[in-house]
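Report on the structure
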Amino acid sequence: IDESINIIGESESGTIIDNNDISGEYCFKVTTDDADVSIKNITIRDFKGDAGCAFRSYKYDNKVVFDAVTINSCYVLSSATYDAAVFIYHDTGASTSDSIVMKNCTFSDNYSAAADYGTALYVGSYNYDYDYSVLITNCVFDNNESDGSVYSYGACNIDRGYSAEVTNWVFKNNTGH
């Protein structure tokens, strides 16, 4: 993704992007700053590869909105540098307009062999004093597993110095080792 985009499916059950466990593919990968992304009414499943195999924004500053998105059965390989099926890591230029919003989402049956941070969702940045916000509401994290080191979290990790508002989450059957 190299420009701002809105991706709207019919429904979570009616619009499914299934990678059939083929290794090394990304479903969505942001490749530039200021490419704001909004994804709604979609299921992403069976992606296998590096951190962010379902959605990756690494070292780019952009607004990300997921609404009624399901991330299911994604697998992060042990060779991955970082972790999580959805991996958002802002660079040093992030501002208040580069917010992260996750609402009405389901993260289920995701697995990470990399064991570095969160299996289903990771939101982080290079710096501790960012001013962009993270809002996560009405989301379910079910049966996600991370295997390995002391930094392995079963469901999610929100890391480094910004405003985070988390409401009405359901966590069940998640495992970090």
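Starting afresh in each chain, residues are numbered from 1 along the sequence in its written order. Only residues with pLDDT of at least 70 get local features here, since the model is predicted, and only at 80 or more are side-chain atom pairs given and counted; chain-wide, interface and lining totals rely on the full set of residues. The basis for every side-chain value is the complete set of heavy atoms in the structure, and neither hydrogens nor water enter the calculation.

Before going further, it helps to spend a moment on the overall build of the chain. Each helix and strand in the chain was counted, giving zero helices and 22 strands. Pairs of residues are marked as contacts when any of their non-hydrogen atoms sit within 4.5 Å. For the chain, long-range pairs separated by at least 24 residues make up 85% of all intrachain contacts whose partners lie at least 6 apart in sequence. Areas reported here follow the Shrake-Rupley algorithm with a probe of radius 1.4 Å; residue values treat only the protein chains shown as occluding. Surface summary for the chain: the accessible area is close to 7,600 Å², and the carbon and sulfur share equals 41%. In this text, helices come from DSSP runs of H or I with a minimum length of four residues, and strands from runs of E with a minimum of two, each type numbered from the N-terminal end.

Once that is clear, we can look at the sheet that holds strand β22 (residues 175–176). Taken together, the five strands give an open sheet; going across it, the order is β5-β8-β12-β17-β22, and neighbouring strands pair in parallel fashion. Where the open sheet ends on each side, the last strands, each with one partner, are β5 (48–49) and β22. As defined by bridge partners, strand β8 (residues 75–76) adjoins strand β12 (residues 111–112) across two bridges and the pair is classed as parallel. Each residue of the ladder has a partner; that of Y75, found in β12, is Y111. At least two bridges found by DSSP between two strands is the condition for calling them paired.

Right, let's get into the state of the cysteines. A pair of cysteine sulfur atoms is labelled a disulfide when the two atoms are within 2.5 Å. Scanning the model with the defined rule gives zero disulfides in all. Cysteine C74 is unpaired, with the sulfur of C53 as its nearest cysteine sulfur at 4.6 Å. Its sulfur unpaired, C139 is 4.5 Å from the next cysteine sulfur, which belongs to C105. Each residue is placed in one exposure class: buried if its accessible area under a 1.4 Å probe, protein chains only, is under 20% of its type's maximum, exposed if it is over 50%, and partly exposed if it falls in between. Taking relative accessible area as the criterion, C139 reaches 0% and is therefore assigned buried.

Turning next to the nonpolar core. Put simply, a nonpolar core is a bunch of buried Ala, Val, Leu, Ile, Met, Phe, Trp, Tyr and Cys residues held in one set by side-chain atoms that sit within 4.5 Å of each other. Grouped together as the largest cluster of nonpolar side chains are 37 residues, with contacts concentrated most on F55, F66, I71, V86 and M102. Among the elements of the structure, β4 (37–45), β7 (64–72), β9 (86–90), β10 (100–103), β14 (121–125) and β15 (133–137) are those that each provide at least two residues to this core. In this structure, A84, F87, Y89 and Y122 belong to the second largest nonpolar core, which totals six residues.

Turning to the sheet that holds β9, a few remarks are in order. Pairing is parallel in the open sheet, where five strands are placed in the order β3-β6-β9-β14-β19. Unpaired on one side and paired on the other, β3 (28–29) and β19 (156–158) mark the two borders of the sheet. For β9 and β14, the ladder comprises five bridges, and the chain directions are parallel. When the sheet's bridge partners are listed, V86 is paired in β14 with L121.

Side-chain rings of Phe, Tyr and Trp, where Trp is taken by its six-membered ring, are said to pair if the distance between their centres is within 6.5 Å; with planes under 30 degrees apart they count as stacked, over 60 as edge-to-face, and otherwise as tilted. Per the stated rule, a full pass over the model turns up 11 aromatic pairs. With 5.8 Å between their ring centres and 40° between their planes, Y58 and F87 make a pair best called tilted. Of this pair, Y58 sits in strand β6 (residues 55–58) while F87 sits in strand β9, placing them 29 residues apart in sequence. Here Y58 and F87 have matching classes, each one buried. With a centroid separation of 4.7 Å and 45° between ring planes, the pair formed by W169 and F171 is classed as tilted. In this structure F171 comes out as partly exposed when scored by relative accessible area, which is 45%. Clustering of aromatic rings is evident, with ring pairs tying together Y58, F87, Y89 and Y122.

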